[in-house]
Amino acid sequence: MRSKARILESILKHPTTSTFIRSKTTSAQYVASRFRDPTFEKLMDKYKNYIKVISVQDLILANRNSPPSVSLEFLSRLSQKLHLNRGATAFLRKYPHIFHIFYDPVKSQPFCKLTETAVEISRQEAEAINACLSLVVERLVRLLSMSTSKSLPLRAVFKVWRELGLPDDFEDSVIARNPKIFRRCAGNEPNIHVLKLFDGMSKRDFTAAVDNWRVTECCKEDCKVERMELRYGFKQGFPSGMRLGKGFKGRVKEWQRLPYVGPYEEMGESKKTKAGMKRLEKRAVAIVHEFLSLTVEKMVEVEKISHFRKWFGIDFNIRDLFLDHPGIFYLSTKGKRHTVFLREAYERGQLIEPNPVYDVRRKLLDLVFLGRHGSVTGGSKSGEVGTRGDSESEDENNE
């Protein structure tokens, strides 16, 4: 089961510099000046409370009591950490289809558990993940294969277990059950463990997602991408309303034609020349593009992916890297967090190619959208703490 320590562990930042087309501004100014895509901003308006719901749900499921539950006192102490602006109780009452508040007469205090509907969705998600464990193993192998040392700190993997669609107990169900693929070793620091690939596995020949796109695009009869751009380029998509100057278009076209080393290829030595740094940056784009392609929802918090930066050999500020390439990525700052989306994977706010795990998670997201609608108020059920009106609704403006 998930531990509270892992769920609540703070995330470190690794700032450095970027080199592509960034003007001489501070990183914060650069973020503030970006073009805001209405479609992704609307999507994140919905997701920011969904992420809070997931955080509370994980805390509940981390408890071994039957049924799993947590006290409101415990959640109230974590309100600031979980960004519950008006407190835990007000937040829980907003989602009666997901959370059920009840009074425990033995412990003489109110507790919160998941509703039967939310428990069923959680069970369906676990089933969807277990049904495709072979894909889960491949995702981990691919992730490790992009590392320069074919290894990653286990702590960093824990940060993105949900994004990668890993089981809650993936240390046992995936790593321990595949001893010929993975090795769990002690790191150079106390209490730090490293996940490594066996030598034979690290030599597998993987094809990156962008290479599959190039093949598909090349086979189209109406392909409009020039051959030189298609050979080394990435799918670019700019939202309507974004002004693209001639200078910017020229730099993008030049960058698309620039050769680089793919995410699964050995980098080797690279000279610190201007051309060499551009190739290194393009490789960094290829790595984070592939990383996002491996996630269930083609999105991840920037701070989480920053934990992999040095292991992937990326010497650039990850956040600024996303901002430098708005045709490939979209960065949102909704919900007091920076979240990056793989632009090509989405259309009208939904994945173009959904997967079983994503489909189940959308069911929980639908309950978040539903809010209090269709719920019973007034504490009509035995032992239930009654909900209140909409006057307790949380402040949604978090940007």
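Here the structure is shown first, and the text comes after it.
First things first, this report covers the structure right here in the doc. This one's a predicted model, so the numbers in the text were calculated from it and none came from an experiment.

1. Focus on the overall build of the protein chain
Here's step 1: Scanning the protein chain for helices and strands turns up 16 helices and eleven strands.
Here's step 2: Every one of the 399 residues in the protein chain was classed for burial, and the buried ones make up 52%.
Here's step 3: For the protein chain, long-range pairs separated by at least 24 residues make up 69% of all intrachain contacts whose partners lie at least 6 apart in sequence.
Here's step 4: Surface accessibility of the protein chain: about 20300 Å² in total, with carbon and sulfur atoms responsible for 50%.

2. Overview of the packing of aromatic side chains
Here's step 1: The final tally for this structure, using the stated rule, is 16 aromatic pairs.
Here's step 2: Here the aromatic rings of F238 and F248 are separated by 5.8 Å at their centres, their planes lie at 75 degrees, and the arrangement is edge-to-face. Within this pair, whereas F238 is found in the loop between α11 (227-232) and α12 (246-256), its partner F248 is found in helix α12, the two being separated by ten residues in sequence.
Here's step 3: Taking the relative accessible area as the measure of exposure, F248 reaches 15% and is therefore buried.
Here's step 4: Relative to Y346, the ring of F341 lies with its centre 5.5 Å away and its plane at 85 degrees, an arrangement referred to as edge-to-face.
Here's step 5: The class of Y346 is buried, set by a relative accessible area of 8%.

3. Describing the sheet that holds strand β1 (residues 69-71)
Here's step 1: Spatially, the three strands line up as an open sheet ordered β1-β3-β2, and their pairing is antiparallel. Among the strands making up the open sheet, the edge pair consists of β1 and β2 (99-104). Ignoring which end each strand starts from, the neighbouring axes of this sheet average 30 degrees apart.
Here's step 2: When β1 meets strand β3 (residues 109-114), the two strands line up antiparallel, connected through three bridges. Across the sheet, V70 pairs through a bridge with C112, a residue of β3.

4. Notes on the pairing of strand β9 (residues 339-342)
Here's step 1: Side-chain alternation along β9 places T339 and F341 on one buried face and V340 and L342 on a second face that is also buried.
Here's step 2: As paired strands, strand β7 (residues 299-301) and β9 are joined by three bridges and run antiparallel to one another. Bridging from a neighbouring strand, M299 pairs with F341 of β9.
Here's step 3: Taken together, the four bridges between strand β8 (residues 329-332) and β9 define a ladder with antiparallel strand orientation. Among the inter-strand pairings, S332 is bridged to a residue of β9, identified as T339.

5. Focus on the environment of F102
Here's step 1: With respect to the secondary-structure elements, F102 resides in strand β2.
Here's step 2: Sequence separation between F102 and L72 is 30 residues; the distance between their C-alpha atoms is 9.7 Å.

6. Describing the sheet that holds β8
Here's step 1: On the basis of which strands lie adjacent, the open sheet formed by three strands has the order β7-β9-β8 and antiparallel pairing. On the outer flanks of this sheet lie β7 and β8, each paired with one strand and no other. Ignoring strand direction, the axes of neighbouring strands in this sheet form an average angle of 20 degrees.
Here's step 2: Helix α13 (residues 274-294) contacts β7, β8 and β9 of the sheet and is inclined by roughly 85 degrees relative to β9.

7. Quick notes on the packing of helix α6 (residues 116-130) against helix α16 (residues 356-370)
Here's step 1: Relative orientation of the contacting elements α6 and α16 amounts to 165 degrees, with a least axis distance of 8 Å. With respect to each other, α6 and α16 are oriented roughly antiparallel. For α6 against α16, the interelement crossing comes out left-handed. Of the residues in α16, those in contact with T117, I121, Q124, E125, A128 and I129 of α6 are P356, V357, V360, R361, K363, L364 and L367.
Here's step 2: Here the contact of α6 with α16 is built from residues that sort into eight nonpolar, two polar and three charged.

8. Some remarks on the nonpolar core
Here's step 1: The biggest cluster of nonpolar side chains holds 109 residues, and the ones touching the most others in it are I98, F99 and F182.
Here's step 2: Take this core: its biggest share by element is twelve residues, from helix α3 (residues 38-61).
Here's step 3: Residues contacting F99, with those up to four places away along its chain left out, are V53, V56, Q57, I60, F91, L92, C112, K113, L114 and T115.

9. What to know about the side chain of K298
Here's step 1: Within the element layout of this structure, K298 appears in the loop between α13 and β7.
Here's step 2: For K298, which is buried and forms no salt bridge, the nearest opposite charge comes from E353, at a distance of 7.3 Å.
Here's step 3: Here the side chain of K298 touches S293 through a polar contact of 2.7 Å, landing on its backbone oxygen.
Here's step 4: When neighbours within four sequence positions are excluded, K298 is seen to be in contact with L292, S293, V340, F341, L342, A345, Y346 and L351.

Calculation criteria
In every chain, residue numbers begin from 1 and rise along the written sequence. Residue-level local features of this predicted model are given only where pLDDT is at least 70; pairs of side-chain atoms are given and counted only at 80 or more, and the full residue set underlies all totals for whole chains, interfaces and linings. The side-chain numbers reported here are obtained from all heavy atoms of the structure, hydrogens and water having been left aside. Strands here are runs of E lasting at least two residues and helices are runs of H or I lasting at least four, both read from the DSSP assignment and numbered beginning at the N terminus. Residue exposure (1.4 Å probe, protein chains only): buried if accessible area is under 20% of the type maximum, exposed if over 50%, otherwise partly exposed. The contact definition used throughout considers only heavy atoms, calling two residues in contact when any of these lie within 4.5 Å. Note on areas: these come from Shrake-Rupley sampling with a 1.4 Å probe, and a residue is covered only by the protein chains present in the view. Geometry of aromatic contacts follows a simple scheme: Phe, Tyr and Trp rings, the Trp one being its six-membered ring, pair when their centres are within 6.5 Å, and the pair is stacked under 30 degrees between planes, edge-to-face over 60, tilted otherwise. At least two DSSP bridges between two strands are required for those strands to pair. The convention used is that axes are lines fitted to C-alpha atoms, helices contributing only their stretch in contact, and that angles between N-to-C directions extend from 0 to 180 degrees. An angle counts as roughly parallel when it lies under 35 degrees, as roughly antiparallel when it exceeds 145, as roughly perpendicular when it falls between 65 and 115, and as oblique in every other case. Note on convention: the crossing is left-handed when the near helix lies turned anticlockwise from the far helix by less than a right angle, right-handed when the turn is clockwise. For this scheme, ten residues count as nonpolar: Ala, Val, Leu, Ile, Met, Phe, Trp, Tyr, Cys and Pro. Four count as charged, namely Asp, Glu, Lys and Arg, and the remainder, Gly too, count as polar. Nonpolar cores are built from buried Ala, Val, Leu, Ile, Met, Phe, Trp, Tyr and Cys residues. Side-chain atoms within 4.5 Å join them into one set. Positive residues here are Lys and Arg, negative ones are Asp and Glu, while His and the chain termini are left out of the count. We define a salt bridge as a side-chain nitrogen of Lys or Arg found within 4 Å of a carboxyl oxygen belonging to Asp or Glu. We call two N or O atoms a polar contact when they sit within 3.5 Å, provided that within protein one can donate a hydrogen and the other can accept it, with sequence-adjacent residues counted only if both atoms are side-chain atoms.

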